[in-house]
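Tertiary structure, described
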Protein chains: 2
Amino acid sequence: MKLALVVRTDLGMGRGKIAAQVAHAAVAATLASLGGPACYSWLEDGQPKVVLKATSAEHLQDLAGQARRAGLPVELVRDAGRTQVQAGTVTCCAIGPAEAAQIDVVTADLALL
Amino acid sequence: MKLALVVRTDLGMGRGKIAAQVAHAAVAATLASLGGPACYSWLEDGQPKVVLKATSAEHLQDLAGQARRAGLPVELVRDAGRTQVQAGTVTCCAIGPAEAAQIDVVTADLALL
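Computed from a predicted model, the values in this text were never measured in an experiment.

Rules used in this analysis
- Residues numbered from 1 in each chain as written.
- Chains lettered and ligands numbered in written order.
- Predicted model: local features only at pLDDT ≥ 70, side-chain atom pairs only at ≥ 80, totals over all residues.
- Heavy atoms only, no water.
- pLDDT = per-residue confidence, 0-100.
- Buried < 20%, exposed > 50% of the residue type's maximum accessible area, 1.4 Å probe, protein only.
- Helix = DSSP H or I, 4+ residues; strand = E, 2+ residues; numbered from the N terminus.
- Pairing = 2+ DSSP bridges.
- Expected span 1.5 Å × (residues − 1).
- Salt bridge = Lys/Arg side-chain N within 4 Å of Asp/Glu carboxyl O.
- Least-squares fit on C-alpha atoms with pLDDT ≥ 70 in both.
- Contact = heavy atoms within 4.5 Å.
- Axes fitted to C-alpha atoms, helices over the stretch in contact; angles between N-to-C directions.
- Buried area = accessible area lost by both parts, 1.4 Å probe.
- Polar contact = N/O pair within 3.5 Å; in protein donor to acceptor, adjacent residues only side chain to side chain.
- Nonpolar A, V, L, I, M, F, W, Y, C, P; charged D, E, K, R; others polar.

1. Looking at the confidence of the model for chain A
For chain A, per-residue confidence averages 95 on the pLDDT scale, and residues scoring 70 or more make up 100% of the total. Model confidence for the complex is summarised by a pTM of 0.96, with the ipTM given as 0.95.

2. Side note on the pairing of strand β1 (residues 2-8) of chain B
Residue and element names in this part refer to chain B. Along β1, seven of the seven residues are buried, which leaves the element largely enclosed by surrounding structure. Across the two faces of β1 the burial is the same, with Lys2, Ala4, Val6 and Arg8 and Leu3, Leu5 and Val7 all buried. Two elements, β1 and strand β4 (residues 90-98), share five bridges in a ladder whose sense is antiparallel. Counterpart to leucine 5 in the pairing with β4 is alanine 94.

3. A look at helix α1 (residues 15-33) of chain A
Residues and elements named next belong to chain A. With 19 residues, α1 should cover 27 Å at 1.5 Å per step; its first-to-last C-alpha distance of 27 Å lies within 8% of that length. Most of α1 sits inside the fold, with 15 of its 19 residues counted as buried. Once α1 ends, the next one or two residues include glycine 35, with phi positive near 90°.

4. Observations concerning the pattern of salt bridges
Residues and elements named next belong to chain A. Applying the stated criterion across every chain yields a total of six salt bridges over all chains. With its nearest N and O atoms 2.8 Å apart, the salt bridge here joins aspartate 10 to arginine 8. Judged by relative accessible area, which is 9%, arginine 8 ranks as buried. Among the ionic pairs, lysine 17 bridges to aspartate 79, the shortest N-O distance being 3.1 Å. Of this pair, lysine 17 sits in helix α1 while aspartate 79 sits in the loop between β3 (74-78) and β4 (90-98), placing them 62 residues apart in sequence. Accessibility assignment for this pair places lysine 17 and aspartate 79 in one class, buried.

5. Side note on the relation of the copies chain B and chain A
Superposing chain B onto chain A requires a rotation of 180° together with a translation of 0.0 Å along the rotation axis, leaving an RMSD of 0.0 Å. Expressed as an axis order, the relation between the two copies is that of a two-fold axis. Mapped onto chain A, 100% of the interface residues of chain B are again interface residues, and the two copies thus contact each other with one and the same surface.

6. Some remarks on the sheet that holds β4(B)
Residues and elements named next belong to chain B. One open sheet holds the four strands; their spatial order is β2-β1-β4-β3, and the pairing between them is mixed. Looking at the sheet topology across the chains shown, the edges are occupied by β2 (49-54) and β3 (74-78). Each adjacent strand pair in this sheet contributes to an overall mean axis angle of 20°, direction not counted. Against the sheet, helix α1 (residues 15-33) touches β1, β2, β3 and β4, its axis set at about 40° to β4. In the packing of helix α4 (residues 100-107) onto the sheet, contacts are made with β1, β2 and β4, and the angle to β4 comes to roughly 145°.

7. Comments concerning the pairing of β4(B)
Residue and element names in this part refer to chain B. In terms of burial, β4 is largely enclosed, as nine of its nine residues are buried. As judged from the five bridges shared by β3 and β4, these two strands associate in the antiparallel manner. Bridging across to β4, valine 74 finds its partner in isoleucine 95.

8. Some remarks on the interface of chain B and chain A
Taken together, the 24 residues of chain B in the interface contact 24 residues of chain A. Buried area between chain B and chain A, summed over both chains or domains, comes out near 1900 Å², and the portion from carbon and sulfur atoms is 72%. Linking chain B with chain A are zero salt bridges, by the criterion used here. Our count for the contact surface shared by chain B and chain A stands at two residue pairs in polar contact (both at pLDDT 80 or more). Of all elements in the fold, only α1, α2 (37-44) and β2 of chain B reach the threshold of two or more residues within the side of chain B that touches chain A. In terms of residue count, α1(B) provides more of the side of chain B that touches chain A than any other element does, 13 residues in total. A per-class count over the side of chain B that touches chain A returns 15 nonpolar, six polar and three charged.

Here it is as structure tokens:
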């Protein structure tokens with residue numbers, strides 16, 4: 001089991017901002033899946049996470065769409081816009097928690113952040 | 001309400017590794033506080049997070065101790081050690097979710113990551 005966290009690298013976000021966005025996506029994915037078997041297995045496994053790069057808003061939305069069509073849980077993060085990026089900007093996407101092999105079908109071409 | 005995520009900067013972790021550790025701390029803090037009024041208020045507020053720097057393991061443990069003595073929820077993250085750092089290394093700490101003013105008493109001297 002794993003949770004993929006895909007973050008845009010074209011926004012010029014600093015590492016603290018990136019960490020906050022990724023954390024937001026991870027919490028949203030956890031809450032959305034809470035009580036289900038995938039979440040349980042993922043937590044049992046030590047909640048493995050992988051942080052990956054997307055190059056644009058279109059790229060992130062395309063990945064989110066692919067993941068949804070594959071039946072995977074998806075959580076998109078829109079920033080509140082208090083710092084660094086405009087309000088409503090899509091910054092990050094969580095895919096999972098789910099079987100690693102299912103996630104890999106969607107994320108195989110993405111580089112690690 | 002906010003959640004402070006304090007991460008060590010002396011380990012040479014890359015930004016993806018930092019994001020994963022911070023996300024781990026945020027998920028742990030969410031799960032530990034789930035169902036309580038602080039968690040509810042924090043989620044209602046849009047789960048605000050601040051990512052801050054600690055300079056060493058001792059610094060992080062000292063902050064965690066201060067937060068515990070102040071009655072704040074604390075979650076320390078120990079890395080599984082698969083990449084970049086040794087297994088069991090304390091990398092990150094979540095303080096909260098709690099009233100921002102209460103967290104600030106402990107974290108006021110820390111710089112943003």
